[in-house]
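So the chains spell out like this:
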Amino acid sequence: MSHWIVVPTVLPALTAACLVLFARDNLFLQRVISVVATVALVVLTLGLYRLADDGELRVYLLSNWPAPFGILQVLDRLSATMLLLTACLALVVIVYAINGWDRRGRHFHPLFQFQLLGLNGAFLTGDFFNLFVFFEVMLIASYGLMLHGGGPRRLKAGFQYVTINLIGSTLFLIAVGIIYAVTGTLNMADLAVKASQVATGDVALLRTGALLLFMVFALKAAMVPLHWWLPTTYAAASAPVAALFAIMTKVGAYCILRMYGLVFGPDAGPLALVAEPWVIPAAMVTLAIGAIGVLASRRLLDLACFAAVASMGTLLIAIGLFDEVGVTAALYYLVHSTVAGAALFLLVDLIAIRRGKARDTLSAAAPFPRDYVYGALFFLAAIATVGLPPLSGFLGKLLLLDATMTTPHAAAIWTVVLGSSFLMLVGFSRAGSVLFWKSAAQPAPAAQEDVRRRAVPTLAAATLIGATVLLSVLAAPVSRALGETAHQALDTRGYVEAVIGTIKTASVTGL
Amino acid sequence: MSMEFLLASAIGALTAGGIYMTLRARTFPVIIGLALLSYAVNLFLFSMGRLTIDKPPIIDPSATDYTDPLPQALVLTAIVISFGMTALIVVLALRSFLETGSDGVAMDDVGEDGLEARDGKARQ
């Protein structure tokens, strides 16, 4: 049993505690500790990714309690991929944040580390109730981060965000209660076995529980009709926080894949693929609403928010296929949309700061120094987000369209994906031309105040855009690796055997 | 009337009240609604191990039957989390009332420039 599996949750927890206890009033020390810990997390998750790459499923029993009674963490290719993605995104975001944003309120760094703790825990856990606990850790940290910087608008939006997530947590508990009442287990692998053997009289009850749980994950994944919190929240949050939140919606998508592809997968008897009829239709509406929102936005920030909704729609269509090709496309698009979405939020902030009073409104304003750099970055980010060749958004959508070829919904999916891409293309082109071309035609301000600004935040945004370029160049090896990940993620039997097998050996050594 | 009926109708009444209150337009009723919902869910979790009365919550060779201890542990976790969250949201609502002068839930009563004005100040 490798103890490294538990470190991605222990490291941010200890770092956050150290930050609060020993570096509370020293921002410089906080920055150093936070960056060092995040770099360590990247190295660690890279190591775990290589460990998981041999295709073996590793189980970590906390305190070595035999698994149906204790809590366990499971490292497979999927969780390793998500951990690595989270850590890399976190590193870029923390580099962006230490250039000024973390000074706008107290305790940015501890909250950031607690957020990473919640995210890593949610990706690793193999137990339902533990998933609830990590969801709460993640959400509580996100409440603090979302409010970072203060101001009436953030407080109002924060109240809505907290309320909707508290209702979500209530539903989560009710769902967990029903599932436990029927099956008597909270262990995911154990549940996968027991769901297929459920008594006929209890099928309706278990179905209710499973679908209530689906609603919770759909809320996190901003799936229609539970998506309205996202534009308000992300638009009110500070830029680095919004960029980090790009991975938060993916947690919902990850849980839908885990729970309804694996636990309630094709082998789950009467509950086989219980969520399947809901995912694709809702995801198509999500994508359409996101695209229309992009077209209707009057501010660049709203545009980025609705682009995030649309990307969740695309991702969930791919996940909703629940087959290997579909999930491969979904995972590729997941990596792409996390990186591209975060890049867009950082860019919006960079542009808004430089435009002075005009901020991010889509109206012509005086040109700012070196606007060609931001124009070029925005152009690349727009190409990636909309899904034009040659960047990874295009490849992701291509994989998705290819995966839907043989499904009965193919015509509808193609229409929605291509139509919404067109709407988003129009929205982004309009935004870009107003911000950069129409503004260039405006008279330059008489006294050009040349404020020295740091280059690092721009480099951070550029790194994320560079990552989408890299993802496009390395598309073949990446999609091959993600194909293997998808195969393992949908292999219920392998998952159950690995976990139950560990339970048996552990109970022999433990008792 | 049986214990099951009493408990089930209590959970139902609390949930119905909670949903009604969370749909109100002012922050204080919404908070009360969230509190009611969390009470409902605590009772619900408590009953999910089935109602077993006068039995030990551990497996003991001498006892004939036992109460499932896991729901009780889960309820404790849920109580702690919902308690903390209620405290947070009360502070949040109070702060937003003090900063905006209204306790409405909607965003309409915040000026479009609420965020920008403050950010501009912070940058100078």
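Chain B appears in an unreviewed UniProt entry as Multicomponent K+:H+ antiporter subunit C from Chelatococcus composti. The UniProt entry for chain B carries the following text under Subcellular location (unreviewed entry): "Cell membrane". Regarding chain B, the UniProt comment filed under Sequence similarities (unreviewed entry) reads as follows: "Belongs to the CPA3 antiporters (TC 2.A.63) subunit C family."

The name that an unreviewed UniProt entry assigns to chain A is Multicomponent K+:H+ antiporter subunit D, with the source organism given as Chelatococcus composti. Regarding chain A, the relevant UniProt record gives this comment under Sequence similarities (unreviewed entry): "Belongs to the CPA3 antiporters (TC 2.A.63) subunit D family."

A. Representation of the overall build of chain A in the model. Summing up its helical and strand segments, chain A has 20 helices and two strands in all. In terms of C-alpha radius of gyration, chain A reaches 22 Å, essentially the compact-globule figure of 24 Å for 511 residues. Nonlocal contacts in chain A, meaning residues at least 24 apart in sequence, comprise 79% of its contacts between residues at least 6 apart. Computed over 32 positive and 24 negative side-chain charges, the inter-centroid distance for chain A is 14 Å.

B. Region of interest: the overall build of chain B. Each helix and strand in chain B was counted, giving four helices and zero strands. Of the regular secondary structure in chain B, the N- to C-terminal order runs α-α-α-α. Counting only residues that meet the buried cut, chain B has 33% of its 124 residues in that class. For chain B, the accessible area works out to roughly 7,600 Å², and carbon and sulfur atoms hold 68% of it.

C. Inspection of helix H9 (residues 229-236) of chain A at higher detail. Counting buried residues along H9(A), seven of its eight residues qualify, which places the element largely inside the surrounding structure. Listed in full, the buried residues belonging to H9(A) are A:Trp229, A:Leu230, A:Pro231, A:Thr233, A:Tyr234, A:Ala235 and A:Ala236.

D. The packing of aromatic side chains, seen in detail. Residues and elements named next belong to chain A. Within this structure, the stated rule accounts for 18 aromatic pairs over all chains. Relative to phenylalanine 172, the ring of phenylalanine 132 lies with its centre 5.4 Å away and its plane at 70°, an arrangement referred to as edge-to-face. Separated by 40 residues along the polypeptide, phenylalanine 132 in helix H5 (residues 128-146) and phenylalanine 172 in helix H6 (residues 152-183) bring together distant segments of the chain. Per residue, the accessibility class of phenylalanine 132 equals that of phenylalanine 172, and both read buried. Ring geometry for tyrosine 260 against phenylalanine 264: centres 5.9 Å apart, planes inclined by 20°, an arrangement best described as stacked. When sorted by exposure, tyrosine 260 lands in the same class as phenylalanine 264, which is buried.

E. Structural detail: the pattern of salt bridges. Residues and elements named next belong to chain A. This model, assessed by the stated rule, comprises 10 salt bridges over all chains. With a closest N to O distance of 2.9 Å, aspartate 76 and arginine 258 form a salt bridge. Of the two residues, aspartate 76 is situated in the loop between strand S2 (72-75) and helix H3 (77-97) and arginine 258 in helix H11 (residues 248-263); the sequence distance between them amounts to 182 residues. No difference in accessibility class separates aspartate 76 from arginine 258, as the two residues are buried. Through salt bridges with shared partners, one network takes in Asp53, Arg77 and Glu484.

F. Spatial organisation of the nonpolar core. Residue and element names in this part refer to chain A. Judged by nonpolar contacts, the single largest core of 205 residues is most densely connected at Phe217, Met259, Tyr260, Phe264 and Phe428. At 18 residues, helix H14 (residues 324-354) tops the list of elements feeding residues into this core. Non-local contacts of tyrosine 260, meaning those with residues more than four positions away in its chain, are made with Ala210, Leu213, Phe214, Phe217, Cys255, Gly265, Leu273, Val274, Ala275 and Phe322.

G. The arrangement of the interface of chain B and chain A in detail. Taken residue by residue, the interface counts 44 residues in chain B and 39 residues in chain A. Overall, the association of chain B and chain A removes approximately 3,700 Å² of surface from exposure, summing both partners, and the carbon and sulfur fraction of that is 73%. Where chain B touches chain A, the interface holds zero salt bridges. There are four residue pairs in polar contact (both at pLDDT 80 or more) connecting chain B and chain A. Broken down by secondary-structure element, the contributors of at least two residues to the side of chain B that touches chain A are helix H2 (27-47), helix H3 (70-100) and helix H4 (114-123) of chain B.

H. Inspection of the packing of helix H13 (residues 300-320) of chain A against helix H17 (residues 410-441) of chain A at higher detail. Residue and element names in this part refer to chain A. Where H13 meets H17, the closest approach of the two axes is 11 Å, and the angle between their N-to-C directions is 160°. By the angle between their directions, the pair H13 and H17 is classed as roughly antiparallel. The element H13 and its partner H17 pack so that their crossing is left-handed. Seen from H13, the contacting residues are Leu300, Leu303, Ala307, Ala310 and Ile317; seen from H17, they are Ile413, Val417, Met424, Gly427, Phe428, Ala431 and Leu435. Residue composition of the contact of H13 with H17, by class: 11 nonpolar, one polar and no charged.

I. Molecular detail of the pairing of S2(A). All names here are of chain A. Residues of S2 alternate between two faces, with Leu72 and Val74 on one and Gln73 and Leu75 on the opposite face, all of them buried. With four bridges joining them, strand S1 (residues 58-61) and S2 adopt antiparallel strand pairing. Its bridge partner being in S2, valine 59 is matched across the sheet by valine 74.

J. Representation of the UniProt feature "domain: NADH:quinone oxidoreductase/Mrp antiporter transmembrane" (unreviewed entry) in chain A within the structure. Here the UniProt feature "domain: NADH:quinone oxidoreductase/Mrp antiporter transmembrane" (unreviewed entry) sits at residues 127-420 of chain A. Secondary structure over residues 127-420 of chain A splits into 76% helix and 0% strand, and the C-alpha atoms at its two ends are 37 Å apart.

K. Fine view of helix H12 (residues 276-296) of chain A. Residues and elements named next belong to chain A. Its 21 residues give H12 an end-to-end C-alpha distance of 31 Å, which sits within 8% of 30 Å, the value for a rise of 1.5 Å per residue. Listed as buried for H12 are Val279, Ile280, Ala282, Ala283, Met284, Thr286, Leu287, Gly290, Ala291, Gly293 and Val294. In this fold, the buried residues of H12 make contact with helix H8 (203-220), H13 and H17.

L. Spatial organisation of the UniProt feature "transmembrane region" (unreviewed entry) in chain B. Residue and element names in this part refer to chain B. With numbering aligned to this structure, UniProt lists the feature "transmembrane region" (unreviewed entry) at residues 6-23, 30-53 and 73-94. Helix makes up 94% of residues 6-23 and strand 0%, whereas the separation of the span's terminal C-alpha atoms amounts to 26 Å. Helix and strand shares over residues 30-53 are 75% and 0% respectively, and the end C-alpha atoms of the span are 35 Å apart.

M. Broad picture of the environment of A:His336. By secondary structure assignment, the location of A:His336 is in helix H14. Each C-alpha atom, one on A:His336 and one on A:Ser311, is 9.6 Å from the other, the two residues being 25 residues apart in sequence.

N. Representation of the confidence of the model for chain B in the model. Residues and elements named next belong to chain B. Summing up the model confidence of chain B, the mean pLDDT is 81 and the portion of residues at 70 or higher is 86%. When mean pLDDT is taken per element in chain B, helix H1 (residues 3-22) scores highest with 93 and H4 scores lowest with 43. Counting contacts from residues 113-124, a segment whose pLDDT is below 50, to residues more than four positions away or on other chains yields 20 contacts. The ipTM, which scores confidence in the relative placement of chains, is 0.87 for this predicted complex, and the corresponding pTM is 0.91.

O. Quick look at the confidence of the model for chain A. Per-residue pLDDT for chain A has a mean of 89; in total, 96% of the residues score no lower than 70. Taken as a whole, residues 506-511 of chain A scores under 50 in pLDDT and shows three contacts with residues more than four places along the chain or in a different chain.

P. Summary view of a nonpolar patch on the surface. Residues and elements named next belong to chain A. On the surface, Val469, Leu470, Val473 and Leu474 cluster together into a nonpolar patch covering about 350 Å² of accessible area. Within the fold, leucine 474 resides in the loop between helix H18 (456-473) and helix H19 (475-489). Judged by its relative accessible area of 38%, leucine 474 is partly exposed.

What counts, and where the lines are drawn
Residues numbered from 1 in each chain as written. Chains lettered and ligands numbered in written order. Predicted model: local features only at pLDDT ≥ 70, side-chain atom pairs only at ≥ 80, totals over all residues. Heavy atoms only, no water. UniProt positions renumbered as here; feature names shortened; annotations may be inferred. Helix = DSSP H or I, 4+ residues; strand = E, 2+ residues; numbered from the N terminus. Rg over C-alpha atoms; globule rule 2.2 N^0.38 Å. Contact = heavy atoms within 4.5 Å. Lys, Arg positive; Asp, Glu negative; His and termini not counted. Charge placed at Lys NZ, Arg CZ, Asp CG, Glu CD. Buried < 20%, exposed > 50% of the residue type's maximum accessible area, 1.4 Å probe, protein only. Areas by Shrake-Rupley, 256 points an atom, 1.4 Å probe, with all protein chains shown as cover. Phe/Tyr/Trp six-rings, centres within 6.5 Å; stacked < 30°, edge-to-face > 60°. Salt bridge = Lys/Arg side-chain N within 4 Å of Asp/Glu carboxyl O. Core = buried A, V, L, I, M, F, W, Y, C linked by side-chain atoms within 4.5 Å. Buried area = accessible area lost by both parts, 1.4 Å probe. Polar contact = N/O pair within 3.5 Å; in protein donor to acceptor, adjacent residues only side chain to side chain. Axes fitted to C-alpha atoms, helices over the stretch in contact; angles between N-to-C directions. Parallel < 35°, antiparallel > 145°, perpendicular 65-115°, else oblique. Left-handed = near helix turned anticlockwise from the far one by under 90°. Nonpolar A, V, L, I, M, F, W, Y, C, P; charged D, E, K, R; others polar. Pairing = 2+ DSSP bridges. Expected span 1.5 Å × (residues − 1). pLDDT = per-residue confidence, 0-100. Patch = residues over 30% accessible without salt bridge, like charges linked within 9 Å, V, L, I, M, F, W, Y side chains within 5 Å.

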